[in-house]
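Understanding the architecture of this molecule
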Amino acid sequence: DILSGIYSNKERWEKLLVTHFGERVQFVSKELAEVVIDPCVVPDYKLVKATLQKDKSINYKGKQIVVREGAVQIEEFSSELLSFYSKIELIKILPQLINHDEVLFVPKADITTVINDEATKFYNPSACYVGEHVIFRNATLNAENGPIIIGDGAEIMEHAVIHGPVVIHKNAKVGPHSFVRSGSVVGENSFVLGEVKNVLIMANSNKGHY
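Residues numbered from 1 in each chain as written. Predicted model: local features only at pLDDT ≥ 70, side-chain atom pairs only at ≥ 80, totals over all residues. Heavy atoms only, no water.

**Looking at helix α4 (residues 94-104)**
Among the residues of α4, L94, L97, I98, H100, D101 and L104 are the ones counted as buried. Take α4 and look down its axis: the buried residues cluster within an arc of 165 degrees, on one side only. Tucked into the core, α4 has its buried residues touching α1 (9-21), α3 (87-92), β9 (148-150), β12 (166-168), β15 (184-186) and β18 (200-201). (Buried < 20%, exposed > 50% of the residue type's maximum accessible area, 1.4 Å probe, protein only. Helix = DSSP H or I, 4+ residues; strand = E, 2+ residues; numbered from the N terminus. Arc of directions from axis to C-beta. Contact = heavy atoms within 4.5 Å.)

**Quick notes on the packing of aromatic side chains**
With the rule as written, the count across this model stands at three aromatic pairs. Residues F122 and F136 carry aromatic rings whose centres are separated by 5.8 Å and whose planes lie at 75 degrees to one another, so their mutual orientation is edge-to-face. Placement of F122 in strand β5 (residues 121-123) and of F136 in strand β7 (residues 135-136) is noted, with a sequence separation of 14 residues between them. Pair check on accessibility: F122 and F136 agree, each one buried. (Phe/Tyr/Trp six-rings, centres within 6.5 Å; stacked < 30°, edge-to-face > 60°.)

**Observations regarding the nonpolar core**
Ranked by internal contacts, the top residues of the largest apolar core, which has 30 residues, are L47, I58, I65, F77, L81, L97 and V185. Sorting the residues of this core by element identifies α1, α2 (45-51), β2 (56-60), β3 (63-68) and α4 as the ones contributing at least two each. Looking at which element gives the most residues to this core, the answer is α4, with four residues. When neighbours within four sequence positions are excluded, L47 is seen to be in contact with W13, V41, I58, I65, V66, F77 and L81. Counting residues in each nonpolar core, the second largest holds 25 residues, with L141, V180, V186 and I201 among its members. (Core = buried A, V, L, I, M, F, W, Y, C linked by side-chain atoms within 4.5 Å.)

Here it is, written out as structure tokens:
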């Protein structure tokens, strides 16, 4: 359930299963589960597809990451996967996680239809995904090195600079003259002022200093 990029790993499994395979998953206790997945491994299309094979468990680099009750085979997963088994590992891969989630994310069709401030400047606007009712005030968004995702109801205040890959979740606020650098995730209803880089700010948090 830990937010890590746009989504938590639980949400990634749900979104991949529904979007690509038309499957819905019910999360239950480990004791009741038919399939137990390693919660620290970041799922992608290939892993989810392999997991849906009904008679197999899955190993990855010597570790069993999918355990299926009654499985008769153990398959070695050969593609590269992202994973994090500590907070430090999570912080280190935040830029990769944001890029990973962009593939799963369904962007708004045209950001120019939701931008209400002519003074705000965009570099590589095709990689900027902006939700509804977002307020900009003379800000700069640079998505040349990775996507910038801004959720519904967020506010980006005067002279703030954002360098992707970055996620600003819904109803979050970035204060004036702030610099949100690559690998940063700002949770729902949070406020950020000053400079941050490679940081995960959870929901309802306040970083109110330069």
